[in-house]
Structures are given as structure tokens and as C-alpha cells.
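Architecture and fold: a report
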Amino acid sequence: MSKIGVFIETADQKIKKSVLGIIFAASRGGDVVGFVLDGLASKYKKSLEEYGVTELVNLTASGIEFSKYPEAAGEALAQGVKAFGVAALLGVSSPIGNDLLARTAIALKAPLALDCMDVDFTDNSVKKSHFSGKAIATIEMTASPFVCGIRPNSFDAVQKPVTCNLIDHNLTVSTEGAITITSVDKKGSGQKDLTEANVIITGGRPIGSSENFALLEDCAKILDAAVGASRAAVDSGYAPHSMQVGQTGKIVSPKLYIGCGLSGSVQHFAGMKTSKVIVAINTDKDAPIFSKSDYGIIGDLFEVVPALTKALQK
Amino acid sequence: MRIYVCVKHVPDTAANINIVNDTGYDRQVKYVANPYDEYGVEEAVTLVEKAGEGEVIAVCVGNETSANTLKSVMAMGVHRSILVKTDEQFSSSALIAKALAKVIEEDGSGDLIFMGKQSVDSEGMQTPYRLGAELNLPVVTGVVNFSLEGSKTIVQREIDGGARESLSMGTPCIIGATKGLNEPRFPKLPAILKAKKKEIKIIEISSLEIVDDAGCRLKKLEPVKERSNARILEGTTEDIVNSLVKILREEEKVI
Ligand SMILES: Cc1cc2nc3c(=O)[nH]c(=O)nc-3n(C[C@H](O)[C@H](O)[C@H](O)COP(=O)(O)OP(=O)(O)OC[C@H]3O[C@@H](n4cnc5c(N)ncnc54)[C@H](O)[C@@H]3O)c2cc1C
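Residues take numbers from 1 onward in each chain, read along the sequence in its written order. Here every chain gets a letter starting at A, and every ligand a number starting at 1, in the order they are written. Under the rules for a predicted model, residues below a pLDDT of 70 receive no local features and side-chain atom pairs below 80 are neither given nor counted, while totals for whole chains, interfaces and linings still include all residues. Only heavy atoms go into the side-chain values, all of them from the structure, while hydrogens and water stay out.

**Structural notes on the overall build of chain B**
Helix and strand labels come from DSSP, where a helix needs a run of H or I of at least four residues and a strand needs a run of E of at least two; each type is numbered from the N terminus. If you tally the helices and strands in chain B, you get six helices and 15 strands. Three labels apply to residues, based on accessible area from a 1.4 Å probe with only protein chains included: buried if under 20% of the type maximum, exposed if over 50%, partly exposed otherwise in between. Within chain B, the proportion of its 255 residues that are buried is 55%. For chain B, long-range pairs separated by at least 24 residues make up 68% of all intrachain contacts whose partners lie at least 6 apart in sequence. Element-wise, carbon and sulfur atoms account for 47% of the exposed surface of chain B, whose accessible area totals about 11,400 Å². The charge count treats Lys and Arg as positive and Asp and Glu as negative. His and the chain ends do not count. Lysine's charge is taken at NZ, arginine's at CZ, aspartate's at CG and glutamate's at CD. Each charge class in chain B was averaged separately, 32 positive and 38 negative side chains, and the resulting centres sit 1 Å apart. In what follows, residue pairs with any heavy atoms lying within 4.5 Å of each other are defined as contacts. Computed by Shrake-Rupley with a 1.4 Å probe, the accessible areas treat only the displayed protein chains as cover when residues are assessed.

Written out as C-alpha cells, the structure is:
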């Protein structure tokens, strides 16, 4: 049986939620080998064996903090791929995931596809968006190993308890003259992460001010949702760019997407059309968003959203 | 200062895409400069303007009509352009990176190379990295802030949840630009007219003798089925939200 590698992306010493779905995706192609870069594999072993990871590799390079050196991190994953003979390496298409997977593919001289919605190991093909979500491309990976980033929330986590073998793998990598992460500014953070969220509620241009986003936040709290914004809302200064959903913002795929005061532009939909259920709230019954959503409410968001918040509390 | 900017000629994101013959599309649509590349162009042009000296050269791999995109970025202030001509609709990122690397090396090395973090047609997100490998230069993409400090380039990129990382790397380097880096200018008529006279050097891709070893190929392109009309919920606001909550909980089971 062949082996498929998964980069176990972590944040603040926790496994990113979407990694578990990717483990399931990988398990369809063979035994899953997890690669951990923060040195804490033993901490993650228990939860990962619940989901079918049979080998967990703790990649270390004496004294080097991979979180500071993206090139060394990519090189480490590449060496892991070679040493453990995995046929493919999968990971989350998050900002850091995409960066490290790309560097890994370069180090391996391997083909790479990022932001994939599906991967099929019977013919080594992946599916990904082309033309801002207007088309789906099937790309065949003809070389092995290949590297593939998966859009968060494309796969649900599926429990599959196994016994996991923990392996320490020490490598030699150089950080001389390397790109160095000198600091992380978390000032703009504290927002619930859009790409990992199961529910997202988004405000468009008519939200009118940053203060008015509180309306959406109240609703989001009850739903454990993340709050997003359209580009028009961001460019008007009502929300930071990190909250923007769409072509030039975040690509998201939640179970439920509630759009409040969005016209339904192609570019906005490029970032969220793979959501499972889309609800649109708009005053204009002819707004294009109603032809692209599952449920529509013709009404003023300033009335409908507070009412929805109330109804959810019941 | 000599800066290269890589630009791609892509269908406007608002254009309707009609797929033909499984892996192609009808090219009779409006084309524009890849929006992410425009952030790179703006940054490069501003740097040279501020330095009071230097040259910005645009490089594009595309078909003949890509000259229009090159004219549009020359109207933004790029001094001259190189077009590597190919009729392929989808060249692999590996092939494009090799072509860009060859022409940049032949033209003379740059202090910086700007490009977009991804193209909006094939959404590959990897050409900057592959160009970096070809030219042996450091690469950071998704860049929202850029500055030069001595021999170092300092950039910022957004990571999860709105946090920003600062990175330091040697110069020359490759920057994959994204929204937030700057506001690309809208060229005025005199600049547009002036751009028409600027040089576009055309190189046939075959003359570069590149071996495409991408290790992947586009097998199929399919249109995405759009949702049909939404089910409009009716009644008083209270009725509507109550029935929505019920649907989301009981039928859709998403909350
Ligand atoms: C290259 C490119 C990239 C882009 N990238 C993105 C992107 O990443 N993300 C993005 O969002 N956009 C993007 N855009 C912009 C996009 O084209 C639209 O301009 C934008 O999405 C519109 O935002 P909106 O829906 O909030 O505002 P509008 O288009 O102004 O729509 C507002 C809607 O709200 C309705 N409305 C008004 N008042 C109320 C009320 N009180 N209650 C309820 N409804 C109300 C109106 O009927 C209208 O339909 C991009 C554009 C380009 C060209």
C-alpha cells in the first residue's frame, strides 16, 4: 500500500481544524504519514491516531525554529517526503500552508496544485478552481511525488482510530542567508479565522460604518461564526482587508454563509461559492445575489440581522 | 535601480467563460492585466520615481494580444516590455517561470522582481516560487507591505486571522504582490499615448528552447454549475427569521 503524507499545520500548539479533513482525504490514497514542524508531535499523537495517522514524524533540525525560516521548513518537509517515501504530500491551503507546500514542491522539483477542492488517488488528479470559480479544472499529476494544498473545509473529518507510530527525524538544513520571519504583529487578529469557520456572516457596502459591524458580530457570537466583509466594505474603510472575502480576499468554504447587503458580484462569489448553504439578505428583490443563493430574504439588513440574532437565541 | 515586473494577460474576472474542446475556452472575451500584477507594477514604478533613476521592465508570456496588457502597464509608468510569444492557452507555471527567467537573465539582472501572488485565470499561486528557483533568488508572496533597508528587503504578509508577519531577505529578491500593497494608479491620457511609443520586444517561446518538465497537465475544464434561484422566504420579518432558523437547523443541519 502506498503512503500519503500530510503536513500537520498547527497554530499556537494546536492542530488546525481543517487538517483533520485532509487526513481523511489522504487516507483514501494509502497509509497516512503526518509531518510536524513545531517539534511537538508527541503532543498531537493522541488526537491524530483517532483520525487514522499511522506514522507521525517529528521533523527537527538541531536548533532551528522552522516557524522563523520558511525555506528551511520547506526543505525539511521535502526531506521528510523523500525519507518516508510518500507518493504525495497534502496540506491545508492556508497562507502558511500554501507557502510551505510551494517551497516543498520547489525543493522536490515536484508538481504542485494549491487550493484544490478534491484529490483522486486512482489517477492522481486534483480538482481546482479556474477563472475565479467559474470553472473547475481537473489536473493530472504525472510525476511522483506531487504536492497538493486543499481548500479548508473541503473534507469533513472522519474518525478512524489506529495505532500511530511516533518517529523523531532529525535533519540538516541551512538557514544561512535565508528569509527570516522577524516578527508577527497580532494587532489586527483576534478575529475568528474566516477560512476555518463553519459559519460566516458577511457585511457589504450598506453596512455603512465599522461600528455597524457589531450587528453582525452579535449574530456571529451565537452561531460561533466568523465575520467577513465585501471589498466595497473594506475599501470604504469599514473593515480591515483581513476580513475581505472574495477574489482578492479570503477563499472560504463554510457550511453556512450569510451575506448581508451584498450585490452578488462575480468576484465576491469567487471566494465563497463553494459554501454549502448560502443565505442572502438584500433590500432589492432583483439583486443578482438572489439568483446565486439557496435562501433569500428581501429586507433591510438593519432589521433582519437583529431579528435573526433574536430568533437564534430561542 | 532596475526592476522587472512579470505581468499576465488574463480574461477580465467579470467575463463569461465558455469552455471549448475540454481544455480550452473561447478567447473572444475582454482581457486585462492580471489584477495582482498591477500591485507589483505600481510598487516598481513608485520605487523608481522616488529613486529618481532607474528602469522598470515588464515581462509577459502570452499570445500576441498580450501587447495590450503590456501597453496598459507601460501607461502606468513601465519603461519598456518584453513579450515571450506563445499561443498556448494554459502553459504550466514551470514553463512560464523558465521563460521569464531566461529573458530576464538575457536582458540583464534586476535589483528586484515584482509579480502578482497568483493569476486570476489558472489560479496557480506558484510561478513566483518557480521563478525564484530558476534564478536562485529568495521569494515571498502575498506581500502587503514592502521596504528596502540597506541590503535587505523587508516585507509583510498576512497570515491567519488578520495577523501580519514581517520578513527580511536579501536583495535582489522576488515579491508576489497582493491587494493592500498600494493603490494602482489609473493612467491619464498623455501617459496612455506615450505608452504607445514605448518598446515591446517580441521573443518566440520556441527560440528559448525550454523543456517543460512540469509533471502535470490540464486534463479537463468544466463550467461550474451555478445555484438556481434562491428560495425566497416570505412573511413578516419575525416569521422569516424563524423559518430560516428552522430550515438551517432541521433541513440543512448546518447550525
Ligand atoms: C479584480 C477585482 C477583484 C475584486 N475582488 C473582490 C473581492 O475579493 N471581494 C469582493 O467582495 N469584491 C471584489 N471586487 C469588487 C466587486 O466587483 C464588487 O464591487 C463588490 O463585491 C461589491 O460589494 P457589495 O456587494 O458589498 O456592494 P454593492 O455592489 O454596492 O451592493 C450592495 C447591495 O446591498 C443592497 N442593499 C443596500 N442597502 C441595503 C440594506 N440596508 N439591507 C440589505 N441590503 C441592502 C443593495 O441592493 C445591493 O445589492 C473585485 C473587483 C475586481 C474588479
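**Some thoughts on a negative patch on the surface**
Residue and element names in this part refer to chain B. Taken together, the side chains of Glu-64, Asp-87, Glu-88 and Asp-212 present a region of like negative charge at the surface. Relative to the helices and strands, Glu-64 resides in the loop between β6 (55–62) and α2 (66–75). Looking at Glu-64, the relative accessible area reads 52%, which means it is exposed. Patch membership needs two things, relative accessible area over 30% and no salt bridge, and members are linked within 9 Å if like-charged or within 5 Å if nonpolar (Val, Leu, Ile, Met, Phe, Trp, Tyr). When a carboxyl oxygen of Asp or Glu lies within 4 Å of a side-chain nitrogen of Lys or Arg, that pair is called a salt bridge.

**Topic: the pairing of strand β7 (residues 112–120) of chain A**
Residue and element names in this part refer to chain A. Across the nine residues of β7, seven count as buried, placing the element largely inside the fold. In short, DSSP must find at least two bridges between two strands for them to pair. Here three bridges tie β7 to strand β10 (residues 146–150), and the two strands are oriented parallel to one another. If you follow Ala-113 over to β10, its bridge partner there is Cys-148. Inspection of the sheet shows β7 paired to strand β8 (residues 125–130) by four bridges, in the antiparallel sense. Each residue of the ladder has a partner; that of Val-119, found in β8, is Val-126. In sequence, β7 turns back onto β8 through a hairpin of four residues, with Asn-124 there showing a positive phi of about 50°.

**Quick look at the interface of chain B and chain A**
Taken together, the contact between chain B and chain A spans 71 residues of the former and 88 residues of the latter. Across the salt bridge formed by Asp-160 of chain B and Lys-16 of chain A, the nearest N and O atoms sit 2.4 Å from each other. The element contributing the most residues to the side of chain B that touches chain A is helix α6 (residues 237–251) of chain B, with eleven residues. The nonpolar class holds Ala, Val, Leu, Ile, Met, Phe, Trp, Tyr, Cys and Pro. Asp, Glu, Lys and Arg form the charged class, and all remaining residues, Gly among them, are polar. Tallied by class, the residues present in the side of chain B that touches chain A amount to 37 nonpolar, 13 polar and 21 charged. Where strand β17 (residues 295–298) of chain A lies against strand β15 (residues 231–232) of chain B, two bridges are found, and the strand directions are parallel. In the sheet register, Gly-296 of chain A faces β15 of chain B, and the bridge partner there is Ile-232 of chain B.

**Some words on the site of the ligand**
Residue proximity to a molecule or strand is established when one non-hydrogen atom of the residue lies within 4 Å of it. In the vicinity of the ligand, 28 residues are found, and the nearest of them are Arg-205, Ser-230, Gln-244, Thr-248 and His-268 of chain A. Around the ligand the close residues trace back to chains A and B. In isolation the ligand exposes 980 Å². Once the protein is present, 77% of that is buried.

**Examining the sheet that holds β17 of chain A**
Read across the sheet, six strands follow the order β14(A)-β13(A)-β15(A)-β16(A)-β17(A)-β15(B) without closing on themselves; strand pairing throughout is parallel. With one partner strand each, in any of the chains shown, β14 (226–229) of chain A together with β15 of chain B form the two edges of the open sheet. With five bridges connecting them, strand β15 (residues 256–260) of chain A and strand β16 (residues 277–282) of chain A associate as parallel partners. Bridge pairing links Ile-258 of chain A to Val-279 of chain A in β16 of chain A. Sheet strands touched by helix α5 (residues 213–223) of chain A: β13 (199–203), β14 and β15 of chain A. Its angle to β13 of chain A, the strand with the most contacts, is close to 170°. Axis angles are defined between N-to-C directions and span 0 to 180 degrees, where every axis is a line fitted to C-alpha atoms and, for a helix, only to the segment in contact.

**Focus on the domain arrangement of chain A**
Interfaces are often described in size by the accessible area the parts lose on coming together. Residue and element names in this part refer to chain A. Split by domain assignment, chain A resolves into domain 1 (3–171) and domain 2 (194–313). Source of the domain bounds: an automatic or database domain assignment. When each unit is reduced to the centre of its C-alpha atoms, the spacing between domain 1 and domain 2 is 31 Å. Contact residues are listed per partner, giving twelve residues for domain 1 and 13 residues for domain 2. Between domain 1 and domain 2, a total of about 1,100 Å² is buried, with carbon and sulfur atoms accounting for 42% of that surface. Considering only the surface of domain 1 that becomes buried against domain 2, Ser-132, Arg-151 and Asn-153 emerge as the three largest contributors, covering 44% of it. Run the count over domain 1 and domain 2 and you get one salt bridge. Asp-156 is paired through a salt bridge with Lys-255; the nearest N and O atoms lie 3.2 Å apart. Pairs of N or O atoms within 3.5 Å make up the polar contacts considered here, provided that, within protein, one atom can donate a hydrogen while the other can accept it, and that residues adjacent in sequence are counted only when both atoms are side-chain atoms. On inspection of domain 1 and its partner domain 2, the count reaches eight residue pairs in polar contact (both at pLDDT 80 or more). Class assignment for the residues of the side of domain 1 that touches domain 2 results in two nonpolar, four polar and six charged. Defined in terms of a 1.4 Å probe, buried area is the accessible area two parts forfeit on being brought together, summed over both.

**Some thoughts on the sheet that holds strand β11 (residues 164–170) of chain B**
As summarised here, the arrangement of the ten strands in space is β12(A)-β11(B)-β10(B)-β9(B)-β12(B)-β8(B)-β1(B)-β6(B)-β7(B)-β13(B), forming an open sheet in which the pairing is mixed. At either end of the open sheet lies a strand with only one pairing partner, and these are β12 (180–185) of chain A together with β13 (200–204) of chain B. Here the strands of the sheet are splayed against their neighbours by 30° on average, with no regard to which way each runs. Here strand β8 (residues 112–116) of chain B pairs with strand β12 (residues 173–177) of chain B via five bridges, running parallel. If you follow Ile-113 of chain B over to β12 of chain B, its bridge partner there is Ile-174 of chain B. Across the sheet, helix α1 (residues 35–51) of chain B touches β1 (2–6), β6, β8, β9 (139–149) and β12 of chain B, and the angle it forms with β8 of chain B is around 150°. Of the strands in this sheet, β1, β6, β7 (80–85), β8 and β13 of chain B touch helix α3 (residues 93–107) of chain B, which is tilted by about 145° from β6 of chain B.

**A word on the packing of helix α8 (residues 301–313) of chain A against α6 of chain B**
Closest axis-to-axis distance for the α8 of chain A/α6 of chain B pair is 9 Å, and the angle between their directions is 55°. As far as their axial angle goes, α6 of chain B and α8 of chain A are oblique. As for the relative orientation of α8 of chain A and α6 of chain B, their crossing is right-handed in sense. Along the contact surface, α8 of chain A presents Glu-303, Val-304, Ala-307, Leu-308, Ala-311 and Leu-312 of chain A, while α6 of chain B presents Thr-237, Val-241, Asn-242, Leu-244, Val-245 and Arg-249 of chain B. Of the residues belonging to the contact of α8 of chain A with α6 of chain B, the class tally is eight nonpolar, two polar and two charged. Throughout this description, any angle smaller than 35 degrees is read as roughly parallel, any larger than 145 degrees as roughly antiparallel, any in the 65 to 115 degree range as roughly perpendicular, and the remainder as oblique. Two helices crossing with the near one rotated counterclockwise from the far one by less than a right angle form a left-handed crossing, whereas a clockwise rotation gives a right-handed crossing.

**A few points about unusual backbone geometry**
Geometrically, the link from Ser-144 of chain A to Pro-145 of chain A is a cis peptide bond, its omega value of 0° lying close to zero. Along the chain, the position of Pro-145 of chain A falls in the loop between β9 (135–141) and β10. Here the amide bond leading from Thr-171 of chain B into Pro-172 of chain B is cis, since omega sits at 0°, within 30 degrees of zero. Tracing the backbone shows Pro-172 of chain B in the loop between β11 and β12. Phi angles above zero are rare outside glycine, and Phe-131 of chain A is one such case at about 55°.

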